[in-house]
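A structural walkthrough
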Amino acid sequence: MKRRSVLRNLSAFAAASTLPPFVTGSISSPKAAPGVESRPHVRKIATEEAFTIPEIADAIRNVIRQGGPNLDLLLLKQLYEVPASLPAEAPSDSMQVSNRDRAAKDMLPKLLDFDKARLATMDASGVDMQILSLVMPGVQMFERVQAMELAQLANNRLRDVIQRHPDRFAGLASFAPQDPTGAAKEMERAITTLKLNGFIVNSHTGNAYLDDPQFLPILEAAEALEMPLYIHPRAPSDGMAAPFRDYRLEGAVWGYGIETGTHILRLIFGGVFDRFPKLQVVIGHMGEALPFWLGRLDFMGAPGARAGRKNQLMPSEYFKRNITITTSGVEDPLALRYCIDKIGADRIMWAIDYPFQPTPSAVAFIDSAAITEAEREKIAWGNAERIFRIKKNH
């Protein structure tokens with residue numbers, strides 16, 4: 001009980017702490033809080049950090065005007081029905097957690113920015129690098145040709161940003177699952193020509209998941225290119241949406257985790273990781289709660305437990321072979337300790353979920369969590385460099 005009390009106290013510190021500002025371009029360790037041992041600066045690579053470009057913002061506004069039943073529209077209206085330009089003063093990284101509706105209206109300028117507020121926020125809290133990915137729902141709500149063109153444009157812009165700031169940014173390529181063959185070609189271009197670091201897909205497309213045979217070219221490309229595929233949440237697909245329509249349950253508070261966790265289970269029980277044993281998938285938000293369910297999943301989902309399932313291994317075995325999780329938006333040392341013990345420190349990466357989560361508390365969390373220094377190094381940056389093949393320039 002004593003150990004659990006200590007961890008709870010550290011969790012409270014991580015949620016409440018704000019770090020003193022750093023000098024831009026110079027990253028050093030913040031002054032330790034009372035009761036927390038001072039340590040040298042630990043390199044930090046944040047692995048789920050969102051961006052967008054003006055052309056996609058405009059296209060999303062057109063989708064909003066068309067309307068429809070898709071649950072993503074609830075958040076998209078809040079994000080995009082605001083001015084798209086940066087204010088004269090760079091947006092603050094403070095987060096009004098008590099008013100998420102108000103906070104959503106401040107997100108678009110941050111998503112569009114690369115060179116000002118984003119870098120200033122990183123410098124202020126000692127974040128060495130962000131791995132950038134196109135914000136949910138990516139290009140997956142557009143018609144096929146438009147989606148392909150906008151994915152290519154976003155990837156080109158991402159390459160340009162990384163070339164401007166090679167020590168501060170890496171990037172995940174988007175693609176249009178609406179055209180799986182074209183998506184595979186864009187994935188190859190993104191790695192071989194643009195030198196990006198992996199792929200991002202925002203879960204379901206047209207209410208279909210990646211276990212659907214139509215998406216085989218995408219899975220084949222990811223495995224052949226030996227680059228990870230980050231499956232990011234979006235609101236539940238139409239077939240599971242009804243219970244999430246009330247109380248704004250569709251988003252990060254609950255719907256995102258349920259939706260993406262379901263996606264991963266479809267891949268596991270659909271035999272996708274058996275057909276593609278080298279495929280590497282990344283999921284955020286401390287594994288969308290799946291690590292905490294693995295004991296029951298192994299018992300109920302063992303190979304052969306139910307007719308129609310195709311998995312050849314225990315679900316937990318796929319987490320140790322094919323799936324890596326990130327900490328994005330879950331700053332809980334108890335949860336982190338559990339996941340380390342359950343799936344191993346080699347399968348966990350630190351993330352902020354910028355700009356939707358504040359940076360200072362995410363930094364305080366990884367700096368103060370009661371884990372070993374070897375575990376901290378792996379989770380804060382080492383695993384990210386290995387999994388996303390980030391060149392060591394430090």
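Just so it is clear, the model here is predicted, and its values are computed rather than measured.

Cut-off values and rules
- Note that residues are indexed from 1 along each chain, following the sequence as it is written.
- Thresholds applied to this predicted model are a pLDDT of at least 70 for local features of residues and 80 or more for the giving and counting of side-chain atom pairs; totals over whole chains, interfaces and linings are not thresholded and use all residues.
- Processing note: side-chain calculations cover all non-hydrogen atoms of the structure and skip hydrogens and water entirely.
- Secondary structure follows DSSP: runs of H or I at least 4 residues long count as helices, runs of E at least 2 residues long count as strands, and numbering of each begins at the N terminus.
- Buried, partly exposed and exposed residues are distinguished by accessible area as a fraction of the type maximum, computed with a 1.4 Å probe on protein chains only: under 20%, between the cut-offs, and over 50%, respectively.
- Residue contacts are counted whenever heavy atoms from the two residues lie within 4.5 Å of one another.
- For two strands to pair, DSSP has to find at least two bridges joining them.
- By definition, the crossover connecting two strands over a helix is right-handed if that path, from the first strand to the second, turns clockwise as seen with the strands pointing away from the viewer.
- In this analysis a 1.4 Å probe is tested at points of a 1 Å grid over the protein atoms alone, and where it fits but cannot get out there is a cavity; an open set with protein on both sides within 12 Å along at least five of seven lines is a pocket; lining residues have an atom within 4 Å of a point.
- Grid points are joined across faces, edges and corners, and a volume is the space filled by probe spheres set on the points.
- Charged residues are taken to be Asp, Glu, Lys and Arg, nonpolar residues to be Ala, Val, Leu, Ile, Met, Phe, Trp, Tyr, Cys and Pro, and polar residues to be all remaining types, Gly included.
- Throughout this description, the term nonpolar core refers to a set of buried Ala, Val, Leu, Ile, Met, Phe, Trp, Tyr and Cys residues connected via side-chain atoms within 4.5 Å.

**Concerning the environment of Ile191**
- With respect to the secondary-structure elements, Ile191 resides in helix α8 (residues 180-192).
- What makes Ile191 buried here is its relative accessible area of 13%.
- When the C-alpha atoms of Ile191 and Ala173 are compared, they prove to be 8.3 Å apart, with 18 residues separating the residues in sequence.
- Non-local contacts of Ile191, meaning those with residues more than four positions away in its chain, are made with Leu196, Asn197, Gly198, Phe199, Leu225 and Met227.

**Brief notes about the pairing of strand β7 (residues 323-326)**
- Residues of β7 alternate between two faces, with Ile323 and Ile325 on one and Thr324 and Thr326 on the opposite face, all of them buried.
- Two elements, strand β6 (residues 281-283) and β7, share three bridges in a ladder whose sense is parallel. Among the inter-strand pairings, Val281 is bridged to a residue of β7, identified as Ile323.
- Both β7 and strand β8 (residues 348-349) contribute to a ladder of two bridges, which runs parallel. Each bridged residue has a counterpart across the sheet, and for Ile325 the counterpart in β8 is Ile348.
- Between the parallel pair β7 and β8, the chain is carried across by helix α15 (residues 333-343), and the sense of this crossover is right-handed.

**Observations regarding the sheet that holds β6**
- Spatial ordering of the open sheet is given by β4-β5-β6-β7-β8, a layout of five strands whose pairing is parallel. Two strands lie at the open edges of the sheet, namely β4 (199-201) and β8, each paired on one side alone.
- As paired strands, β4 and strand β5 (residues 229-231) are joined by three bridges and run parallel to one another. Bridged to Ile200 within β5 is Tyr230.

**As for empty space enclosed by the protein**
- Scanning the entire structure with this criterion turns up one cavity of 30 Å³ or more.
- Reported here for the largest cavity is a volume of approximately 50 Å³.
- Put simply, the parts of the chain that give the lining of the largest cavity at least two residues each are α7 (144-164) and α8.
- In terms of residue class, the lining of the largest cavity is built from five nonpolar, two polar and one charged.

**Let's talk about the layout of surface pockets**
- In this structure, the largest pocket encloses a volume near 1,100 Å³.
- What lines the largest pocket is a set of 42 residues, and nearest its centre among them are Gly251, Ala252, Val253, Trp254 and Tyr256.
- Those elements that place two or more of their residues in the lining of the largest pocket are β1 (45-51), α3 (72-80), α4 (100-104), β2 (129-134), α10 (255-269) and α12 (285-288).
- Within the lining of the largest pocket, the residues separate by chemical class into 24 nonpolar, ten polar and eight charged.
- As for the second largest pocket, its lining consists of 19 residues, and the residues nearest its centre are Lys195, Leu196, Asn197, Arg389 and Lys391.
- Considering every element that reaches the lining of the second largest pocket, the biggest residue donor is α7, with three residues.

**Quick word on the nonpolar core**
- The biggest cluster of nonpolar side chains holds 119 residues, and the ones touching the most others in it are Phe199 and Trp350.
- When residues in this core are grouped by element, the largest group, seven residues, is from α7.
- For Phe199, the contacting residues outside a window of four places in its chain are Leu172, Ala173, Phe175, Met187, Ile191, Ala222, Leu225, Met227, Pro228, Leu229 and Tyr230.

**Some details on the environment of Gly270**
- Summarising the element assignment, Gly270 is placed in the loop between α10 and α11 (272-275).
- Here Gly270 falls in the partly exposed class, since its relative accessible area comes to 31%.
- In this structure, the C-alpha to C-alpha distance between Gly270 and Lys310, residues 40 residues apart in sequence, is 5.3 Å.
- For Gly270, the residues in contact, after removing those within four places along its chain, are Leu265 and Lys310.

**Some remarks on the pairing of β1**
- Within β1, seven of the seven residues are buried, which leaves it mostly tucked inside the rest of the structure.
- Pairing between β1 and β2: five bridges, direction parallel. Each bridged residue has a counterpart across the sheet, and for Phe51 the counterpart in β2 is Leu134.

Geometric values such as these leave the question of function open.
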